[in-house]
Structures are given as structure tokens and as C-alpha cells.
Amino acid sequence: MDWHDKSSRSSVEMSNAKSRPALKSKPENLADYDIIYIGFPIWWNSVPRIINTFIESGDFAGKMIIPFATSGSSSISNAEKELQETYPDMKWQKGRLLNGATKEDIKKWTKK
């Protein structure tokens, strides 16, 4: 996806805050989890719209939600802020940018 191309998927989706790309399947068995990690690449210093689709397709009531992301140049802070503002009733925890994280780094982070 070339974000410089105005007709690319990322450009089209991110230019419309109401865009909600379709999911291949809806979240299942959320009731079985107390903690849910939501991962995504940072697009345009933000969360890709399909993450909104995912959140709006499931019941996250009472769940601890922890975002994580990768990015070529952005931090996760703006994405976290947007998620918290868009979904203020969710129990957001501090997220993390995982660029270059090893399997061991991720294991340590998720065991906290």
C-alpha cells in the first residue's frame, strides 16, 4: 500500500473517519477472556479503520484492553488517545509500540 497514492486502500480508508472496512469474521469467544490485546500497524499516525470495525463488532464490556502496534515512524501515543476518546467506556491500558521486539520481549511484556 503506497500511502502517497490517494487511491490506495490506506489513503481511501483513512480519509473518511466513518469508514468501516468489512471483517472476514467477527470476534468469537470474547467472553472467555479478561484481557484482550489489539494489535495494528500505525497508519497516518492513527489506528487503521478496520480496528474500529473490530471493536464495534464485539462485546468488550468489562475487558481489559491493551493496544500494541508497529510503525515506520510514528509512536503509539496518538493511536492510544484516539482509541480512548472514541471508546471511552472501554478499560484501556497503556499500549506499546513493538517495532523490533523479539519473541522474548513480547513474552516479558505480556506477563506483567
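In what follows, the structure referred to is the one given above.
Keep in mind that this is a model prediction, so the values were computed, not measured.

(A) Fine view of the packing of aromatic side chains. Under the definition given, this model contains three aromatic pairs. Here the aromatic rings of Tyr-37 and Trp-109 are separated by 5.3 Å at their centres, their planes lie at 70°, and the arrangement is edge-to-face. Linking Tyr-37 in strand E1 (residues 35–41) with Trp-109 in helix H4 (residues 103–110), this pair joins segments that are 72 residues apart in sequence. Of the residues examined, Tyr-37 reaches a relative accessible area of 31% and is grouped as partly exposed. You can call Trp-109 buried: its relative accessible area is 12%.

(B) Here's a closer look at unusual backbone geometry. Phi is positive for Asn-29, which is not a glycine, with a value near 60°. Within the secondary structure, Asn-29 is located in the loop between helix H1 (9–14) and E1. Backbone geometry places Asn-45, a non-glycine residue, at a positive phi of 65°. A relative accessible area of 35% places Asn-45 in the partly exposed class.

(C) Representation of the pattern of salt bridges in the model. Inspection of the entire model under this criterion finds two salt bridges. One salt bridge in this structure joins Arg-20 and Glu-56, with 2.9 Å as the shortest N-O distance. With a gap of 36 residues between them, Arg-20 in the loop between H1 and E1 and Glu-56 in helix H2 (residues 49–56) connect regions that are remote in the sequence. For Arg-20, a relative accessible area of 33% corresponds to the partly exposed category. Assessed through its relative accessible area of 46%, Glu-56 is described here as partly exposed.

(D) Quick peek at the pairing of E1. Side chains Ile-36, Ile-38 and Phe-40 of E1 all project onto a buried face; the interleaved residues Ile-35, Tyr-37, Gly-39 and Pro-41 project onto a face where none is buried. Examined bridge by bridge, E1 and strand E2 (residues 64–70) share seven bridges and lie parallel to one another. Looking across to E2, one finds that Ile-35 is bridged to Met-64. Crossover handedness for the path E1 to H2 to E2: right-handed.

Calculation criteria
- Residues numbered from 1 in each chain as written.
- Predicted model: local features only at pLDDT ≥ 70, side-chain atom pairs only at ≥ 80, totals over all residues.
- Heavy atoms only, no water.
- Phe/Tyr/Trp six-rings, centres within 6.5 Å; stacked < 30°, edge-to-face > 60°.
- Helix = DSSP H or I, 4+ residues; strand = E, 2+ residues; numbered from the N terminus.
- Buried < 20%, exposed > 50% of the residue type's maximum accessible area, 1.4 Å probe, protein only.
- Salt bridge = Lys/Arg side-chain N within 4 Å of Asp/Glu carboxyl O.
- Pairing = 2+ DSSP bridges.
- Right-handed = clockwise from strand over helix to strand, strands pointing away.

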